[in-house]
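What the coordinates show
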Amino acid sequence: MADTMQAAVLYGKEDLRLETVDRPTAGPGEIVVRVGAALTCGTDLKVYRRGYHAMMLKPPIPFGHELAGTVVEAGEGAKFKIGDRVVALNSAPCDQCYWCMEGQQNLCEDLLFNNGAYAEYIRIPARIVAKNTLPVPESLPFEYAALTEPLACVIRGLEESNAKLGDSMVVIGAGPIGLMFMHAAEIAGVEVIAVVKRDDQIETAKIFGARHVVQIADGVDAIAEVRKLTPGSRGVDIAIEAVATPATWEWAVDMVRKGGTVNFFGGPPSGTKVQLDTNRLHYGNITLKASFHHTPSTSRTAFELIKSGRFKCAEYITGRAGLADIPEIFRKMMVRSAEGVKDIKTAVFPEGVSC
């Protein structure tokens, strides 16, 4: 192998460059993975737009965090060997701090993050190798395995919301995460109502499991329309907010039934304020939650769902590209996001586009 490689490096706001950098090497317990496929992500787009992420990365830094590939180097004591196919999650908890001991590993005070998926190779730190890297069967395409990280976050959100067979759920937002919530909930036997904005999202929401779709439009009371779809207009059992705006946070509270649960999954910018009806919250006995990230347990649950073939991986990946296309992909994602162009995820293949 060469001593250098191609990698996408984020330097700041909308400044993503493909560069020649040193190829990583594996230390004790670490592995180096030749990236088979990396996926674009809404979080990556948000970081690209803002130029940083307070917890996950500070530029300049290799970019991207959803990947799967093949082990090409294994450090002393690593549990994988050269040639193994793996999916490596983007973090691992310490399992020693207060939050880890409380079963809240996603809130670990020493949560170790890893970035650099948009590259030919990536080093996986020993802690992530040991706790959050999983073997990928030969039959599973790398781009499908790479869906494990976002799905693990969604599984955490469903668990936190206590979703169960027969529940009704509204998912506000039909972006990549919203669609993933719809599909995972549908697989779990939950009746899903989708709240979408664009015409193309109506059919997409149905593909991913929405039984009913409410489209936002002038003169449409989305809250009333969602409640009409529930018995006696009482509201849904669970409301998932996946847009990250104050208005949709408030909608979620007004769409849920008395005794129901709201999960504010979409995270607005720091300092954002919302107004909620305290009388409705108190006398309606409504539970408010806000799920963040994933745990090793939900990573495994997500990966098992992907391996089972029940999750519509092929439908979820709407674009395919090579590593050299990464800077342009993110420039186009900014435009598409502003114009509302249909897109879910692009799979990036460092060794060339796979058909």
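That block above? That's the structure.
The shown structure was predicted, so the numbers you read here are calculated from the model rather than taken from an experiment.

Here we take up the packing of helix α5 (residues 148-160) against helix α11 (residues 296-308). At a closest axis distance of 8 Å, the pairing of α5 and α11 adopts a crossing angle of 115 degrees. The angle between α5 and α11 falls in the class roughly perpendicular. In this structure, the crossing between α5 and α11 has a hand that is right-handed. Counted together, Thr148, Leu151, Ala152, Ile155, Arg156 and Glu159 of α5 and Thr298, Ser299, Thr301, Ala302, Phe303, Leu305 and Ile306 of α11 form the full contact between these two elements. Taken together, the residues of the contact of α5 with α11 break down into seven nonpolar, four polar and two charged.

Next up on the list: α5. In this model, α5 (13 residues) spans 18 Å end to end at C-alpha, consistent with the 18 Å of a helix rising 1.5 Å per residue. Of all the 13 residues making up α5, eleven are buried; the element is thus mostly covered by neighbouring parts of the structure. Residues of α5 that are buried: Thr148, Glu149, Pro150, Leu151, Ala152, Cys153, Val154, Ile155, Arg156, Gly157 and Leu158.

We now examine the packing of aromatic side chains. Summed over all chains, the structure comprises nine aromatic pairs. Residues Tyr98 and Trp99 carry aromatic rings whose centres are separated by 5.3 Å and whose planes lie at 90 degrees to one another, so their mutual orientation is edge-to-face. For Tyr98, a relative accessible area of 53% translates into the label exposed. Residue Trp99 is classed as partly exposed on the basis of its relative accessible area, which comes to 32%. A connected cluster of aromatic rings, assembled from ring pairs, spans Tyr48, Phe63, Tyr118 and Phe330. For Arg23, the ring lying beneath its charged end belongs to Tyr121, and the centroid distance is 5.9 Å. Across from the ring centre of Phe142, 4.1 Å away, lies the NZ or CZ of Arg85, which sits over that ring.

Strand order in the open sheet formed by six strands is β13-β12-β11-β14-β15-β16, with parallel pairing between adjacent strands. Bordering the open sheet on either side are β13 (210-215) and β16 (287-289), each of which pairs with just one other strand. If you compare each strand with its neighbour and ignore which way they point, the axes differ by 20 degrees on average. Of the strand pairs in this sheet, strand β14 (residues 236-241) and strand β15 (residues 256-264) are connected by five bridges, and their pairing is parallel. Its bridge partner being in β15, Val236 is matched across the sheet by Val256. Here helix α9 (residues 246-255) sits on the sheet and contacts β11 (168-172), β12 (191-196), β14, β15 and β16; the angle it forms with β15, its principal contact strand, is near 150 degrees.

Another aspect to go through is the sheet that holds strand β2 (residues 15-22). Spatially, β2-β1-β4 is the arrangement adopted by the three strands of the open sheet, whose pairing is antiparallel. Either end of the sheet is taken by a strand with one partner, and the two such strands are β2 and β4 (61-62). Relative to β4, strand β1 (residues 4-12) runs antiparallel, the two being bridged by two bridges. The residue bridging Val9 from the neighbouring strand is Pro62, located in β4.

What counts and how
- Residues numbered from 1 in each chain as written.
- Predicted model: local features only at pLDDT ≥ 70, side-chain atom pairs only at ≥ 80, totals over all residues.
- Heavy atoms only, no water.
- Axes fitted to C-alpha atoms, helices over the stretch in contact; angles between N-to-C directions.
- Helix = DSSP H or I, 4+ residues; strand = E, 2+ residues; numbered from the N terminus.
- Parallel < 35°, antiparallel > 145°, perpendicular 65-115°, else oblique.
- Left-handed = near helix turned anticlockwise from the far one by under 90°.
- Contact = heavy atoms within 4.5 Å.
- Nonpolar A, V, L, I, M, F, W, Y, C, P; charged D, E, K, R; others polar.
- Expected span 1.5 Å × (residues − 1).
- Buried < 20%, exposed > 50% of the residue type's maximum accessible area, 1.4 Å probe, protein only.
- Phe/Tyr/Trp six-rings, centres within 6.5 Å; stacked < 30°, edge-to-face > 60°.
- Lys NZ or Arg CZ within 6 Å of the ring centre and 35° of its normal.
- Pairing = 2+ DSSP bridges.

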